[in-house]
Amino acid sequence: MDKSRHLYIWELAALISLCVCLLTGLWAQGRQSRVADSLVRLHVLAVSDEPYEQAVKLRVRDAVLQYLAPKLSGVESADRAEAVLSDSLDEIRSAAETAAEGREVHVTLGDERYPTREYEGFALPAGRYRSLRVVLGEGKGHNWWCVVFPPVCLAAAQREAVRPVMRPEDYALITQEEGWQLKFRIVELWGELLESLEF
């Protein structure tokens, strides 16, 4: 066989492999973005890992969730929930400060990268999500996160809380219903790859 023809076959195989990887990545990114567009997450960071600071973090979490429960009651979309949260940042900070025992509190709403996280009956793949972030002091301690919309943090049946705000195929993905486990893993690996590439 001609050596140049042999190289051409390997080059073609490499190009096809690259195209398949890129298309799979585009699909995974699109699917993760659709899941993320249905949710708003909550991230609370403690001052430090000292046991007392971790306990304060949980009290702040409870105060924020207690304040948000009536504000988000009846909200039916992530966009509307985001608008409510954006308009309430000062009040959310005040609610957090009541439980923070004098610690400095920073509250922001923005995009944040999350690792894969399992909840009761479903999992959210790694990726970028809209996030309400409550930071105590310098926020160097272990964190706590959940989904504030839909109200998964307060729901007894967490899996059912997300069903109404998602397309059936996205719900099947995060609950890893039969036939969707591999697709979830692809989305998860893509999110982890993007996270590792960020500086």
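Residues numbered from 1 in each chain as written. Predicted model: local features only at pLDDT ≥ 70, side-chain atom pairs only at ≥ 80, totals over all residues. Heavy atoms only, no water.

**Considering the pairing of strand S5 (residues 127-136)**
- The buried fraction of S5 is high, at seven of ten residues.
- Pairing of strand S1 (residues 40-45) with S5 involves five bridges; the strand directions are parallel. Bridge pairing links Leu45 to Val135 in S5. (Buried < 20%, exposed > 50% of the residue type's maximum accessible area, 1.4 Å probe, protein only. Helix = DSSP H or I, 4+ residues; strand = E, 2+ residues; numbered from the N terminus. Pairing = 2+ DSSP bridges.)

**Observations regarding the sheet that holds strand S6 (residues 143-149)**
- The sheet built from four strands is open, its strands ordered S2-S5-S1-S6 with mixed pairing. Because the sheet does not close on itself, it has two edges, and the strands there are strand S2 (105-114) and S6. Across this sheet, the average inter-strand angle for adjacent strands is 30 degrees, counted without regard to direction.
- Pairing of S2 with S5, which is carried by ten bridges, proceeds in the antiparallel orientation. Directly across from Val105, in S5, lies its bridge partner Leu136.
- The strands that helix H2 (residues 51-72) touches are S1, S5 and S6; relative to S6, the one it contacts most, it runs at about 5 degrees.
- Each of S2 and S5 is contacted by helix H4 (residues 89-99), which is oriented at about 110 degrees to S2, the strand it contacts most. (Axes fitted to C-alpha atoms, helices over the stretch in contact; angles between N-to-C directions. Contact = heavy atoms within 4.5 Å.)

**Considering the packing of helix H3 (residues 78-87) against H4**
- Closest axis-to-axis distance for the H3/H4 pair is 4 Å, and the angle between their directions is 65 degrees. Looking at the two axes, H3 sits roughly perpendicular to H4. On H4, the residues touching Leu85, Ser86 and Asp87 of H3 are Leu89, Glu91 and Ile92.
- Residues that form the contact of H3 with H4 fall into these classes: three nonpolar, one polar and two charged. (Parallel < 35°, antiparallel > 145°, perpendicular 65-115°, else oblique. Nonpolar A, V, L, I, M, F, W, Y, C, P; charged D, E, K, R; others polar.)

**A short note on the packing of aromatic side chains**
- Inspection of the entire model under this criterion finds two aromatic pairs.
- Relative to Tyr129, the ring of Tyr114 lies with its centre 5.9 Å away and its plane at 90 degrees, an arrangement referred to as edge-to-face. Taken as a pair, Tyr114 in strand S2 and Tyr129 in strand S5 lie far apart in primary sequence, 15 residues in all.
- Classification of Tyr114 by relative accessible area gives buried; the value is 1%.
- Here the aromatic residues Tyr114, Tyr129 and Trp145 are joined through ring pairs into a cluster of three or more.
- Of note, Arg41 hangs over the ring of Tyr129, and the distance from its end group to the ring centre comes to 4.6 Å.
- In this structure, Arg61 is placed above the aromatic ring of Trp144, and the distance from its NZ or CZ to the ring centre is 4.9 Å. (Phe/Tyr/Trp six-rings, centres within 6.5 Å; stacked < 30°, edge-to-face > 60°. Lys NZ or Arg CZ within 6 Å of the ring centre and 35° of its normal.)

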